[in-house]
Amino acid sequence: MTALTIPAGMPQYDDKPRFDVERVRADFPILGREVNGHPLVYLDSGNTSQKPRQVIDAVARYYAEHNANVARSVHTLGTESTEAYEGARAKVAAFIGAPSVDEVVFTKNATEALNLVAHAFGPHAQDPRFRLGPGDEIVISEMEHHSNIVPWQLLCERTGATLRWFGLTESGRLDETNLDELVNERTKIVSIVHMSNVLGTVNATARITARVREVGALLMLDCSQSVPHLPMDVVDYDADFIAFTGHKMLGPTGIGVLWGRLELLNTMPPFLGGGSMIETVKMTGSTFAPAPARFEAGTPPIAQAVGLGAAIDYLNAVGMDAVAWHDKELTAYALDALDTVPGLRIYGPKVPVGRGATISFTLDGIHPHDVGQVLDSLGVQVRVGHHCAKPICDRFAVPALTRASFYLYTTTDEVDALVRGLDQVRKVFA
Amino acid sequence: MQLDQLYQEIILDHYKRPQGRGLREPFAADVHHVNPTCGDEITLRVALDGETISDISYDGQGCSISQASASVLYELCNGRTVDGALTVHAAFVELMGGKGQIEPDEEVLGDAVAFAGVAKYPARVKCALLSWMALKDAVAQAVALEKEEV
């Protein structure tokens, strides 16, 4: 690569925020283990991230020192638990730039958050923006995770509405050529992925948002892959809803987030009925609490919320700008390195611009399962299969893909280990 | 774990040079099975001549384990009686469920003994079983049809 000289007075590469990856790695106990006699090379962070000691300790400390149920106890432990749980909500709100803490609804994962919003639509919805029936349209895209496809398909089956979608370009970006026709006066909601879990594509949402506003529809972004990796400001993005999950951003499993504009959340019907979500209950009927409680029936994932709060503290200490830049440099390195492997084809953008640290590929004539198995024997953990996004595989006419996905603890040495492993794969199946 | 236990030479041979592959006519039953977690799929047909399975033809896509397994299945079961094929089927299913603790009977299983190592990899057992489940399904359908016609 030719070294480019950036003129003085312009932002220099050295100005970019950076962190010490080795110091970060030292915080993750699991990164010290071996797999099949080799040092662990964990390249499956898009699936779930590893957890730093700080998060593991926060969950353990919560159980050891504060454990009680939330939002109902007058005793000291109950108060401490409620403060810990609500404190985590405040951290999430600040992390994504939410104007109000009440706009953060804890769910069990991003899937539940997406289903919750889909469930608000129907023929009898109070608010006309959620009223849906035959002739109305919902728009998704061909690069969605199944969790942003199936809830909308089910909704369309229930209501007779029509599901439509953006196609993909050959380079794995959203095809917006028919935007004005696709998103129109019949569109009630556009729900698209912010960063693809397969292609790594980060969708530029501005044009779509402008069109959504023009036709008076709602906009939901599936941020499961983006919130862990990029600075997020929901006001900047001008979305109506976003969904993401804790376990992909250093937090525990079992906790997800729905962020929605408060005014919308408070017109939506409850999702699950039960304790904590009511205003008053009589045998003849009930009324419901405002958001977020309205959507948090039953005992919530308290320790998991505390863990997510600790994960956000950790990410803030490193700095999300630094995380994003680390991802970018690593992705640039990996794209170049993978390009040297004979027979390897990358699906998704081949430049480290407008994409995240997730790279999916095929190796000529070798099934991804076999690729993954040989890599595992060398300690390299990658995901293989259709990645819960089968329409992408169909779009590119491949049965399955191998995916390497990185995070703030991933090193260039690990990318090298992947490339060496792929040579080994080719030897076994030569 | 030793990778060569999983990818035995026999398995790689069958993968690279599959036996009996391709869909043929005539057939009595035609089934399509998928492994929803990984997207592997197989279409399998059986033709019956009285009690005998006169042809097993198949086509599919998937990993070396699933494709080699279909090839071995063809070698072992094609031309056998329905009962004979189901005996092999039962032995193979038992081997796959054995977590690597079962000593396979080479008399019954032939090349399929090479799959003993696969049983130690829980994530891959379903790959090995895909074509065998399709066979059982197809044979059951074909036999049922034959009974209807009699």
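Source: prediction; values computed, not measured.

Observations regarding the overall build of chain B
Along the backbone of chain B there are six helices and three strands. Each helix and strand of chain B, ordered N terminal to C terminal, gives the series α-α-β-β-β-α-α-α-α. Here the C-alpha atoms of chain B give a radius of gyration of 15 Å, agreeing with the 15 Å that 2.2 N^0.38 yields for 150 residues. Its C-alpha atoms give chain B principal-axis dimensions of about 50 × 30 × 25 Å. Taken across its 150 residues, chain B has 52% of its residues classed as buried. Of the contacts made within chain B by residues no fewer than 6 positions apart, 62% connect residues no fewer than 24 positions apart. Taking the average location of the 12 positive side-chain charges in chain B and that of its 23 negative ones, the two points are 7 Å from each other.

Thoughts on the interface of chain B and chain A
Buried accessible area, meaning the area lost when the parts come together, often serves as the stated size of an interface. Counting residues at the interface gives 20 residues for chain B and 16 residues for chain A. Summed over both partners, the interface of chain B with chain A buries about 1400 Å², with 54% contributed by carbon and sulfur atoms. On the chain B side of the contact with chain A, Leu-3, Tyr-7 and Cys-38 of chain B bury the most area, a combined 31% of that side's loss. Taken together, the connections running from chain B to chain A amount to one salt bridge. Between Arg-124 of chain B and Asp-370 of chain A there is a salt bridge, with the nearest N and O atoms lying 3.1 Å from each other. Taken together, chain B and chain A are joined by nine residue pairs in polar contact (both at pLDDT 80 or more).

Some points on the packing of aromatic side chains
Evaluated as defined, the whole model comprises 13 aromatic pairs over all chains. With a centroid separation of 5.1 Å and an interplanar angle of 80 degrees, the aromatic rings of Phe-429 of chain A and Tyr-7 of chain B are classed as edge-to-face. Taken together, the residues span two chains, with Phe-429 of chain A in the segment after helix H14 (412–428) and Tyr-7 of chain B in the loop between helix H1 (3–6) and helix H2 (9–16). The class of Phe-429 of chain A is buried, set by a relative accessible area of 10%. Ring centres of Phe-429 of chain A and Tyr-15 of chain B lie 6.2 Å apart, and the angle between their planes is 85 degrees; this geometry places the pair in the edge-to-face category. A residue pair is termed interchain when its members come from two chains, as with Phe-429 of chain A in the segment after H14 and Tyr-15 of chain B in helix H2. Tyr-15 of chain B matches Phe-429 of chain A in its accessibility class, with the two residues each being buried. Site record: aromatic cluster; members linked through ring pairs are Phe-28, Tyr-314, Tyr-407 and Tyr-409 of chain A. If you follow Lys-16 of chain A out to its NZ or CZ, it ends over the ring of Trp-325 of chain A, 4.7 Å from the centre. The ring of Phe-396 of chain A has Arg-395 of chain A lying over it, and the distance from NZ or CZ to the ring centre is 4.7 Å.

Some thoughts on the UniProt feature "domain: NIF system FeS cluster assembly NifU N-terminal" (unreviewed entry) in chain B
According to UniProt, the positions carrying the feature "domain: NIF system FeS cluster assembly NifU N-terminal" (unreviewed entry) are residues 7–127 of chain B. Secondary structure content for residues 7–127 of chain B is 39% helix and 22% strand, while the C-alpha to C-alpha distance between its ends is 13 Å.

Focus: the sheet that holds strand S15 (residues 358–363) of chain A
Residue and element names in this part refer to chain A. The strand order across the open sheet built from four strands is S14-S15-S18-S17, with neighbouring strands paired in antiparallel fashion. Both outer strands of the open sheet, strand S14 (344–347) and strand S17 (383–385), are each paired with one neighbouring strand and no more. The sheet shows a mean angle of 30 degrees between the axes of neighbouring strands, direction not considered. Alignment of S14 against S15, held across four bridges, turns out to be antiparallel. Pairing of Tyr-347 across the sheet is with Ser-360, part of S15. Here helix H11 (residues 320–338) sits on the sheet and contacts S14 and S15; the angle it forms with S15, its principal contact strand, is near 5 degrees. Across the sheet, H14 touches S14, S15 and strand S18 (401–405), and the angle it forms with S15 is around 15 degrees.

Let's talk about the environment of Ala-332 of chain A
Tracing the backbone through its elements, the reader meets Ala-332 of chain A in helix H11. Sequence separation between Ala-332 of chain A and Val-351 of chain A is 19 residues; the distance between their C-alpha atoms is 7.1 Å.

With respect to the packing of helix H4 (residues 110–119) of chain A against helix H5 (residues 150–159) of chain A
Residues and elements named next belong to chain A. H5 packs onto H4 with a crossing angle of 20 degrees between their chain directions and a minimal axis gap of 9 Å. By the angle class used here, H4 and H5 are roughly parallel. Considering only the axes of H4 and H5, their crossing is right-handed. Residue-level inspection shows Leu-114, Asn-115, Val-117, Ala-118 and His-119 of H4 in contact with H5, the latter providing Pro-151, Trp-152, Leu-155 and Arg-158. Tallied by class, residues from the contact of H4 with H5 come to six nonpolar, two polar and one charged.

Comments concerning helix H3 (residues 76–95) of chain A
All names here are of chain A. In a regular helix each residue adds 1.5 Å, so 20 residues correspond to 28 Å; H3 covers 28 Å between its end C-alpha atoms and thus fits that length. If you check which residues of H3 are buried, you get Gly-78, Ser-81, Tyr-85, Ala-88, Arg-89, Val-92, Ala-93 and Phe-95. For H3, the secondary structure elements touched by its buried residues are helix H2 (53–66), strand S4 (104–107), strand S10 (241–245), strand S11 (256–260), helix H10 (302–318) and H11. Looking one or two residues past H3, Gly-97 carries a phi angle of roughly 70 degrees, positive in sign.

Rules used in this analysis
Residues numbered from 1 in each chain as written. Chains lettered and ligands numbered in written order. Predicted model: local features only at pLDDT ≥ 70, side-chain atom pairs only at ≥ 80, totals over all residues. Heavy atoms only, no water. Helix = DSSP H or I, 4+ residues; strand = E, 2+ residues; numbered from the N terminus. Rg over C-alpha atoms; globule rule 2.2 N^0.38 Å. Buried < 20%, exposed > 50% of the residue type's maximum accessible area, 1.4 Å probe, protein only. Contact = heavy atoms within 4.5 Å. Lys, Arg positive; Asp, Glu negative; His and termini not counted. Charge placed at Lys NZ, Arg CZ, Asp CG, Glu CD. Buried area = accessible area lost by both parts, 1.4 Å probe. Salt bridge = Lys/Arg side-chain N within 4 Å of Asp/Glu carboxyl O. Polar contact = N/O pair within 3.5 Å; in protein donor to acceptor, adjacent residues only side chain to side chain. Phe/Tyr/Trp six-rings, centres within 6.5 Å; stacked < 30°, edge-to-face > 60°. Lys NZ or Arg CZ within 6 Å of the ring centre and 35° of its normal. UniProt positions renumbered as here; feature names shortened; annotations may be inferred. Pairing = 2+ DSSP bridges. Axes fitted to C-alpha atoms, helices over the stretch in contact; angles between N-to-C directions. Parallel < 35°, antiparallel > 145°, perpendicular 65-115°, else oblique. Left-handed = near helix turned anticlockwise from the far one by under 90°. Nonpolar A, V, L, I, M, F, W, Y, C, P; charged D, E, K, R; others polar. Expected span 1.5 Å × (residues − 1).

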